[in-house]
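Structural description and commentary
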Amino acid sequence: MPERLRVGVLASGRGSNFRALVEAAESGRLPAVIAVLISDRDAAPVLDIARAHGVEALFLDPKQYPTREAHEKAIIAALDERRIGLLCHAGYMRILTSTYTEHFRGRALNIHPSLLPAFPGLHAQRQALEHGVRVTGATVHFSDEGMDTGPIVLQAAVPIFLNDTEESLSRRILAEEHRIFPEAVRLFAEGRLRIDGRRVHIRESP
Ligand code: GRF
């Protein structure tokens, strides 16, 4: 039997998307193993969530490395040692160099709280509210060297209500993130995604 896809997750904070991925794997909804969680922040709650679920949790301190590239090389080495076939960026708050994105091209996914290409970067929910759009949402896309620019795998729309605050909107978007991120990982694990330029084709399930 072929080895299950080994997934690595990079995250810097709260870890709710990481939790959604782990729970999907635990419940058998993902033909994949969440093999390692790497964080760049010692105090990130996501590290404890990983430990609580028996997932190896690594803190790789950027301050321990002379350059950003050196830190990324350590991350790449840790992932390669663990034979990671898919990398998930789940709220990883660092800008990645092309060395890194090139190494994982076509096998790294990112989750973003807007309907890309609208509102990339930080505070996407606030940007959507301030712009006055009626609909925003969540996007899972392949990572590339740009900021939230790679080919889009799945999106979910979320309406904006007149009385929404950044918190209420973020909460509703997050519920969609927790649904589409594991779904995108499942499609990848089943070998059903094919990147064709900017478009991602999803093969029907056999
Ligand atoms: C999410 O909104 C995600 O879309 C963004 O960062 C946030 C991370 O939240 N990239 P969490 O740590 O997964 O709870």
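One can find the structure itself at the top, above this paragraph.
Residues numbered from 1 in each chain as written. Predicted model: local features only at pLDDT ≥ 70, side-chain atom pairs only at ≥ 80, totals over all residues. Heavy atoms only, no water.

Here we come to the side chain of Asp148. Along the chain, Asp148 falls in the loop between strand 6 (135-142) and strand 7 (152-159). For Asp148, the side chain forms a polar contact with the main-chain nitrogen of Gly121, separated by 2.8 Å. Those residues in contact with Asp148 that sit more than four places away from it in its chain are Asn110, His112, Leu116, Pro120, Gly121 and His141. (Helix = DSSP H or I, 4+ residues; strand = E, 2+ residues; numbered from the N terminus. Polar contact = N/O pair within 3.5 Å; in protein donor to acceptor, adjacent residues only side chain to side chain. Contact = heavy atoms within 4.5 Å.)

Now for the pairing of strand 5 (residues 108-112). Buried residues dominate strand 5, accounting for 5 of its 5 residues. The alternating pattern of strand 5 places Ala108, Asn110 and His112 and Leu109 and Ile111 on opposite faces, both of which are buried. The sheet contact formed by strand 4 (residues 86-89) and strand 5 spans 3 bridges and is parallel. Counterpart to Leu87 in the pairing with strand 5 is Ala108. On the question of chirality, the crossover connecting strand 4 to the parallel strand 5 by way of helix 4 (residues 98-103) is right-handed. The pairing of strand 5 with strand 6 spans 4 bridges and is classified as antiparallel. Note on strand 6: the bridge partner recorded for Leu109 is Phe142. (Buried < 20%, exposed > 50% of the residue type's maximum accessible area, 1.4 Å probe, protein only. Pairing = 2+ DSSP bridges. Right-handed = clockwise from strand over helix to strand, strands pointing away.)

Further remarks concern the sheet that holds strand 2 (residues 32-39). Within the open sheet, the 7 strands sit side by side as 3-2-1-4-5-6-7. Their pairing is mixed. Both edges of this open sheet fall to strand 3 (56-59) and strand 7, since each of them pairs with a single strand only. With direction set aside, neighbouring strand axes in the sheet form an average angle of 20 degrees. Set on the sheet, helix 6 (residues 166-189) makes contact with strand 1 (5-10), strand 2, strand 4, strand 5, strand 6 and strand 7; between it and strand 7 the angle comes to about 160 degrees. (Axes fitted to C-alpha atoms, helices over the stretch in contact; angles between N-to-C directions.)

A few words now on the environment of Glu69. Inspection of the secondary structure assignment puts Glu69 in helix 3 (residues 68-81). What makes Glu69 partly exposed here is its relative accessible area of 35%. Residues Glu69 and His178, spaced 109 residues apart in sequence, show a C-alpha to C-alpha distance of 31 Å. Excluding anything up to four places from it in sequence, Glu69 contacts Thr97 and Thr99.

Tallied over the full model, the rule gives 13 salt bridges. Close ionic contact of Arg83 with Glu3 constitutes a salt bridge, the shortest N to O distance being 2.7 Å. One end of the pair, Arg83, is in the loop between helix 3 and strand 4; the other, Glu3, is in the segment before strand 1, with 80 residues separating them in the sequence. Overall, Glu3 belongs to the exposed group, its relative accessible area being 53%. Note that Asp48 is salt-bridged to Arg51, the shortest N-O span being 3.0 Å. Of this pair, Asp48 and Arg51 both sit in helix 2 (residues 45-52), 3 residues apart, which is roughly one turn of that helix. Where salt bridges share partners, they join Glu183, Arg186, Glu190 and Arg192 into one cluster. (Salt bridge = Lys/Arg side-chain N within 4 Å of Asp/Glu carboxyl O.)

Keep in mind these values describe shape, not function.
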